[in-house]
Amino acid sequence: GIKADGGSGIIDISIHPFARSNVSFITPLKLVQLKLTESLYTFNTTGPGENTLLELDHHISDKILFRSTSGATFLYDKEYFDLHQDLSIFHTLNQDTSFLYQVTANGVSRPSSEVSEYVALVLFRQRLHQDWIFLELNPQLHYPKATNFLLDAQFIARFEFMMSK
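In this report, we go over the structure that sits alongside the text. Keep in mind it's a predicted model, so treat the numbers as computed, not measured.

### Describing the overall build of the protein
Point 1. Secondary structure summary: the protein contains zero helices and ten strands in total.
Point 2. Going from the N terminus to the C terminus, the protein shows its helices and strands as β-β-β-β-β-β-β-β-β-β.
Point 3. Taken along its principal axes, the extent of the C-alpha atoms in the protein is 45 × 45 × 40 Å.
Point 4. Looking at the protein as a whole, 27% of its 165 residues are labelled buried.
Point 5. When contacts within the protein are restricted to residue pairs at least 6 apart in sequence, those whose partners lie at least 24 apart make up 28%.
Point 6. In the structure as shown, the protein presents an accessible area of about 11,100 Å², 63% of it carried by carbon and sulfur atoms.

### Points about the environment of Leu151
Point 1. Among the secondary structure elements, Leu151 is positioned in the loop between strand 9 (133-144) and strand 10 (152-161).
Point 2. Along the sequence, Leu151 and Tyr118 sit 33 residues apart, while their C-alpha atoms lie 9.6 Å from each other.
Point 3. Those residues within four positions of Leu151 in sequence are excluded, and the remaining contacts are Leu141, His142 and Tyr143.

### A look at the side chain of Glu136
Point 1. When you line up the elements, Glu136 lands in strand 9.
Point 2. Relative accessible area serves as the criterion here: at 9%, Glu136 is assigned to the buried category.
Point 3. Polar side-chain contacts of Glu136 include one of 2.4 Å to the side chain of Arg125.
Point 4. When sequence neighbours within four positions are dropped, the list of residues in contact with Glu136 reads Leu123, Phe124, Arg125, Ile156, Ala157, Arg158 and Glu160.

### Description of unusual backbone geometry
Across the chain, the bulk of peptide bonds are trans and the bulk of non-glycine residues have phi less than zero.
Point 1. Residues Arg110 and Pro111 are joined by a peptide bond in cis, for which omega reads 10°.
Point 2. You can see Pro111 is positioned in the loop between strand 7 (97-108) and strand 8 (114-129).
Point 3. Even without a glycine there, the phi angle at Phe149 is positive, about 60°.
Point 4. Inspection of the secondary structure puts Phe149 in the loop between strand 9 and strand 10.

### Quick word on the pairing of strand 10
Point 1. In terms of residue burial, strand 10 counts as a barely covered element, since only zero of its ten residues are buried.
Point 2. Sheet topology places strand 9 next to strand 10; ten bridges connect them, and they run antiparallel. Within strand 10, the position partnered with Pro139 by the bridge is Phe155.

### Here's the deal with the pattern of salt bridges
Point 1. Under the counting rule described, the total for this entry stands at eight salt bridges.
Point 2. One salt bridge in this structure joins Asp82 and Lys78, with 2.7 Å as the shortest N-O distance.
Point 3. With relative accessibility at 32%, the residue Lys78 sits in the partly exposed group.
Point 4. We note a salt bridge from Glu136 to Arg125, for which the minimum N-O separation is 2.4 Å. Of this pair, Glu136 sits in strand 9 while Arg125 sits in strand 8, and the two are eleven residues apart along the sequence.

### What about the side chain of Arg67?
Point 1. Tracing the sequence through the fold places Arg67 in strand 5 (residues 64-75).
Point 2. Within polar-contact distance, the side chain of Arg67 engages the side chain of Asp57 at 2.6 Å.

### Looking at the packing of aromatic side chains
For any pair of aromatic rings, the description rests on two quantities: the centre-to-centre distance and the angle between the ring planes.
Point 1. Enumeration according to the criterion identifies four aromatic pairs in this entry.
Point 2. Relative to Phe81, the ring of Phe74 lies with its centre 5.1 Å away and its plane at 50°, an arrangement referred to as tilted.
Point 3. The exposure class assigned to Phe74 is partly exposed, which follows from its relative accessible area of 24%.
Point 4. Relative to Phe124, the ring of Phe99 lies with its centre 5.2 Å away and its plane at 55°, an arrangement referred to as tilted. Note that Phe99 is positioned in strand 7 and Phe124 in strand 8, a separation of 25 residues in sequence.
Point 5. Residue class for Phe124 comes out partly exposed when judged on its relative accessible area of 21%.

The rules behind these values
- Residues numbered from 1 in each chain as written.
- Predicted model: local features only at pLDDT ≥ 70, side-chain atom pairs only at ≥ 80, totals over all residues.
- Heavy atoms only, no water.
- Helix = DSSP H or I, 4+ residues; strand = E, 2+ residues; numbered from the N terminus.
- Buried < 20%, exposed > 50% of the residue type's maximum accessible area, 1.4 Å probe, protein only.
- Contact = heavy atoms within 4.5 Å.
- Areas by Shrake-Rupley, 256 points an atom, 1.4 Å probe, with all protein chains shown as cover.
- Polar contact = N/O pair within 3.5 Å; in protein donor to acceptor, adjacent residues only side chain to side chain.
- Pairing = 2+ DSSP bridges.
- Salt bridge = Lys/Arg side-chain N within 4 Å of Asp/Glu carboxyl O.
- Phe/Tyr/Trp six-rings, centres within 6.5 Å; stacked < 30°, edge-to-face > 60°.

Take it as geometry only, folks, not as evidence of what the structure does.
Put into structure tokens, the structure is as follows:
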């Protein structure tokens, strides 16, 4: 089916107005589910832009999902596309614990289409308390073109507190 939404608001304590619209088309195919999303937006800080995503989901089992994501983002001021291709495996161990395994190629469309970075990561997510406290551990391997694709290892640890009504 088709889903559309939009919004506007202010981000952060300082004033950063924005407006966005979003349209998604989702359809099941024989072995995969296809999702195409188009977003148009304007932010006070970056100006107008658009984002296109194509996602293909394939359920390997009840607890394992494979997703291929192709994306292109265009910002009016930059006059080229930021491109990315993600191959992801979502593995749910139980209701409290999950893993994401992902490899990504990031690139640009100008002056010629080229890869600007490769990334490999694992994201471990553990629910610590009810539905509002989570722990994430995220080792990442970045290989940026700017350093001749030399390894830049990173590790992110994050506590997430979710507050809602």
